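# Structural overview
Now for the letters of each chain:
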Amino acid sequence: MESELEFIAKQAGIGLNPVFSDDLVQAAEVIRNGGVVVCPAEGVYGLSCNALNEEAVARVVRIKERDSAKGLITIASSLHDLEQVADFKDMSCKGRTLINKLWPGPYTFVVPCANSFRGSLLTGGRGSVAVRITAFETLANLVRLSGVPLISTSANLSGEQAVSSFDLLSPVILKRVDFVLTLPCGGLSGSTSVYDTLSDVLLRKGPQWPEDLS
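Report follows, based on the coordinates. Here the residue index of a chain counts from 1 through its sequence in written order. Residues qualify for local features only when their pLDDT is at least 70, as the model is predicted, and side-chain atom pairs are given and counted only at 80 or more; totals for whole chains, interfaces and linings, by contrast, use all residues. Side-chain figures throughout are based on the complete set of non-hydrogen atoms in the structure, without hydrogens or water.

### Remarks on the overall build of the protein
- A tally of regular secondary structure across the protein gives seven helices and 11 strands.
- Taken against the 2.2 N^0.38 rule, which gives 17 Å for 214 residues, the C-alpha radius of gyration of the protein at 17 Å falls within 12% of a compact globule.
- Expressed along its principal axes, the backbone C-alpha trace of the protein runs to roughly 55 × 35 × 30 Å.
- The buried share of the protein, reckoned over its 214 residues, is 53%.
- The contact criterion used throughout is that any non-hydrogen atoms of two residues lie within 4.5 Å. Nonlocal contacts in the protein, meaning residues at least 24 apart in sequence, comprise 68% of its contacts between residues at least 6 apart.
- Reported accessibility uses the Shrake-Rupley method at a 1.4 Å probe radius. Residues are deemed covered only where the shown protein chains occlude them. With an accessible surface of roughly 9,800 Å², the protein has 48% of that area assigned to carbon and sulfur atoms.
- Taking the average place of the 19 positive charges on the side chains of the protein and the average place of its 23 negative ones, the gap between the two points comes to 5 Å. Numbering of helices and strands runs from the N terminus, with a helix taken as a DSSP run of H or I at least four residues long and a strand as a DSSP run of E at least two residues long. Each radius of gyration is computed over the set of C-alpha atoms, and the globule rule expresses the reference value as 2.2 Å times the number of residues to the power 0.38. Summary of the burial criterion: residues with accessible area below 20% of their type's maximum are buried, those above 50% are exposed, and those between are partly exposed, where the area comes from a 1.4 Å probe applied to protein chains only. His is not counted, nor are the chain ends, whereas Lys and Arg count as positive and Asp and Glu as negative. By convention, the point assigned to a charge is CZ for Arg, NZ for Lys, CD for Glu and CG for Asp.

Right, dumping it as structure tokens:
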């Protein structure tokens, strides 16, 4: 018997290619093999792939029809894992204090990138990268099972609205990915906060950003 999510997908003319499943292990296997998945994030559905796989990252940019100069957020389950893409040694003292206070959680920080990622699609051609250690259990488990840092960017075409309901996902996006993880989002009422540690400026204030830090 097909699930409600599978029925919605078929009504949108998508069928079951990509695969629709709530199996985190299967989603992680797709990522390890270089695929792109739709998965729930803290507040909205996102696109994820292996952040260290340049071809997979380039595919995410194409799927979203995104300006390659914008860069992408990288998530991990530990600071150690993020050190593959980020250089935390050159951060501001304030930025370091905020990270130590707020992670893991729905807070994204722009930090200096590792030398090997300067000028890459991941950074949008810059010397910095946006990173987050998530506290959302589904996403954190997907990261751990994948064994690599992941891209986390909203699952919508560039310029369109990010969504927290499966039935609002763009059929165009769904047709372009390999796997759709049919689990709910984390309940955050919007996207995560983004803080730039290079300029010590809050670029985007998310729902849970502490008022005393604004």
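### A closer look at the layout of surface pockets
- If you add up the space inside the largest pocket, you get close to 700 Å³.
- Think of a 1 Å grid over the protein atoms and nothing else: a 1.4 Å probe that fits but is trapped marks a cavity, an open set flanked by protein within 12 Å on at least five of seven lines marks a pocket, and residues with an atom within 4 Å of a point count as lining. In terms of lining, the largest pocket is formed by 36 residues, of which the most central are Arg-66, Ile-73, Thr-153, Val-194 and Arg-204.
- Among the elements of the structure, strand S5 (107-112), strand S6 (128-133), strand S8 (153-154) and strand S11 (201-204) are those that each provide at least two residues to the lining of the largest pocket.
- Per-element accounting of the lining of the largest pocket gives the leading share, four residues, to S6.
- Here the residues of the lining of the largest pocket sort into 12 nonpolar, 16 polar and eight charged. Grid points are joined across faces, edges and corners, and a volume is the space filled by probe spheres set on the points. Note that Gly is not counted as nonpolar here; it falls among the polar residues with everything else outside the nonpolar set of Ala, Val, Leu, Ile, Met, Phe, Trp, Tyr, Cys and Pro and the charged set of Asp, Glu, Lys and Arg.

### Topic: the sheet that holds strand S1 (residues 19-21)
- Ordered by their spatial adjacency, five strands build an open sheet running S1-S9-S2-S3-S8, and the pairing between neighbours is mixed. Only two strands of the sheet have a single neighbouring strand rather than two, namely S1 and S8.
- On the sheet, helix H2 (residues 24-32) packs against S1, strand S2 (37-40), strand S3 (45-48) and strand S9 (179-181) and is oriented at approximately 145° with respect to S9. At least two bridges found by DSSP between two strands are what make those strands a pair. Here the axes come from fitting lines to C-alpha atoms, over the contacting stretch only for helices, and the angles between their N-to-C directions go from 0 to 180 degrees.

### Observations regarding unusual backbone geometry
- The omega torsion across Trp-103 and Pro-104 is -5°, close enough to zero to call that bond cis.
- Note that Pro-104 resides in the loop between helix H5 (93-102) and S5.
- Phi at Glu-65 takes a positive value of approximately 55°, unusual for a residue other than glycine.
- Tracing the backbone shows Glu-65 in the loop between helix H3 (54-64) and strand S4 (73-76).
- The phi angle at Asp-200 is positive, at roughly 55°, despite the residue not being glycine.

### Quick notes on the packing of aromatic side chains
- Aromatic rings from Phe, Tyr and Trp, with only the six-membered ring used for Trp, were paired whenever their centres fell within 6.5 Å, and each pair was classed as stacked if the ring planes differed by under 30 degrees, edge-to-face if by over 60, and tilted otherwise. Per the stated rule, a full pass over the model turns up seven aromatic pairs.
- Relative to Phe-166, the ring of Tyr-45 lies with its centre 6.4 Å away and its plane at 80°, an arrangement referred to as edge-to-face. You can see Tyr-45 sitting in strand S3 and its partner Phe-166 sitting in the loop between S8 and helix H7 (171-176), a full 121 residues away along the chain. Across the pair, exposure class does not vary: Tyr-45 and Phe-166 are buried alike.
- Considering the side-chain rings of Tyr-107 and Trp-209, the 5.9 Å spacing of their centres and the 70° angle between planes classify their relative orientation as edge-to-face. With a gap of 102 residues between them, Tyr-107 in strand S5 and Trp-209 in the segment after S11 connect regions that are remote in the sequence.

### As for the sheet that holds strand S10 (residues 193-196)
- Taken together, six strands build an open sheet; the order of strands is S7-S4-S6-S5-S10-S11 and the sheet is mixed. Every interior strand has two partners, whereas the edge strands, strand S7 (150-151) and S11, have only one.
- Examined bridge by bridge, S10 and S11 share three bridges and lie antiparallel to one another. Looking at the pairing, Asp-196 lines up with Val-201 of S11.

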